[in-house]
Every structure is written in C-alpha cells, then in structure tokens.
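# What the coordinates show
Listed below, chain by chain, are the residues.
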Amino acid sequence: HVQLQASGGGLVQAGGSLRLSCAASGRTFSMGWFRQAPGKERELVAAISSGGRSTSFADSVKGRFTISRDNAQNTVTLQMDNLKPEDTAVYFCAAKSRFGPLDSRSSTYEYWGQGTLVTVSS
C-alpha cells in the first residue's frame with residue numbers, strides 16, 4: 001500500500017503563487033491533484049501520466065497551474081500561479097496503482113494524501 005504525503009498549502013493573496021508537493025512511499029502510476037471547496041464536489045485540478053509526458057488540467061486552471069513529477073524521488077508537484085479566490089479549497093494528491101489513461105474521476109485513484117488547505121484572499 002502506497003502512502004501519499006502532501007505539503008505546501010497556505011494563505012496567499014490573489015495573484016500570488018503556491019507550490020504543492022506530494023511524496024509517495026512507493027511506485028505509482030498516474031497521479032493527480034484534486035480539490036474540494038466547501039459545499040462543492042471534489043474535482044480534478046491536474047493529472048500527470050506515470051512517465052510525466054502527458055498532463056491534463058481543469059479548464060479553470062489552464063495557463064496558471066503546472067504539474068510535474070520526479071519518479072526518482074517519487075514526488076509530484078503542482079505549481080499554482082496567478083491564484084484566484086475561487087482556487088480556495090482543500091487540495092488532495094492522488095495516485096493510481098495500475099497503468100492506465102489519465103482520468104478525471106476520483107473513484108479511479110486508489111491512493112490519497114491527507115489534503116492541504118489553500119486559501120486565496122482577495
């Protein structure tokens with residue numbers, strides 16, 4: 001069983017940047033960052049394939065967020081720039097235990113981190 005440890009959340013003003021990191025205790029395949037705001041469903045923010053060559057982003061973050069991974073270190077990073085108040089949410093990293101296509105459905109990810117709060121003030 002792989003454990004995921006997320007870090008890097010915090011409070012930032014609109015227009016600012018934050019970097020989230022997720023460390024996995026073992027090998028993973030596709031990985032993703034999801035977020036959940038109060039009263040809303042969990043949604044995929046960004047995903048990256050096992051080799052790092054394919055990525056996918058929610059329309060709301062395209063051009064502002066980037067996702068990368070370092071398989072030697074078993075880490076995935078979400079760089080968030082030009083943050084907006086609507087980006088405020090708890091962010092979760094997630095990983096798949098099997099090879100497969102990038103997927104926006106949270107139910108297809110077997111491993112989850114504990115969540116880290118991102119608050120963007122206006």
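As a reminder, the structure under discussion sits directly above these lines.
The notes below deal with the structure included here. Fair warning: this is a prediction, and the values are worked out from it, not measured in the lab. (Residues numbered from 1 in each chain as written. Predicted model: local features only at pLDDT ≥ 70, side-chain atom pairs only at ≥ 80, totals over all residues. Heavy atoms only, no water.)

A few words on unusual backbone geometry. Among all residues save glycine, negative phi is the norm, and among peptide bonds the norm is trans. Even without being a glycine, Asn74 presents a positive backbone phi close to 55 degrees. If you trace the backbone, Asn74 turns up in the loop between strand 7 (65-70) and strand 8 (75-80). Its identity as a non-glycine residue notwithstanding, Asn82 has a phi of 50 degrees, on the positive side. Here Asn82 lies in the loop between strand 8 and strand 9 (89-95). (Helix = DSSP H or I, 4+ residues; strand = E, 2+ residues; numbered from the N terminus.)

This part takes up the pairing of strand 9. By the criterion of burial, strand 9 is predominantly enclosed, with six of the seven residues buried. Here strand 4 (residues 31-36) runs beside strand 9; their pairing, made up of six bridges, is antiparallel. Looking across to strand 9, one finds that Arg35 is bridged to Tyr91. Relative to strand 11 (residues 116-121), strand 9 runs antiparallel, the two sharing three bridges. Its bridge partner lying in strand 11, Ala89 is registered against Val118. (Buried < 20%, exposed > 50% of the residue type's maximum accessible area, 1.4 Å probe, protein only. Pairing = 2+ DSSP bridges.)

Quick look at the nonpolar core now. One finds Leu4, Trp33, Val45, Phe65, Leu78, Met80 and Tyr91 to be the most contacted residues of the largest nonpolar core, which totals 29 residues. Among the elements of the structure, strand 1 (4-7), strand 3 (18-24), strand 4, strand 5 (43-48), strand 7, strand 8, strand 9 and strand 11 are those that each provide at least two residues to this core. Among all residues touching Leu4, those that are not within four sequence positions of it are Cys22, Ala23, Ala24, Met31, Cys93, Ala94, Ala95, Tyr111, Trp112, Gly113 and Gln114. Ranked by size, the runner-up nonpolar core spans five residues in total, among them Leu44, Ala47, Ala94 and Tyr109. (Core = buried A, V, L, I, M, F, W, Y, C linked by side-chain atoms within 4.5 Å. Contact = heavy atoms within 4.5 Å.)

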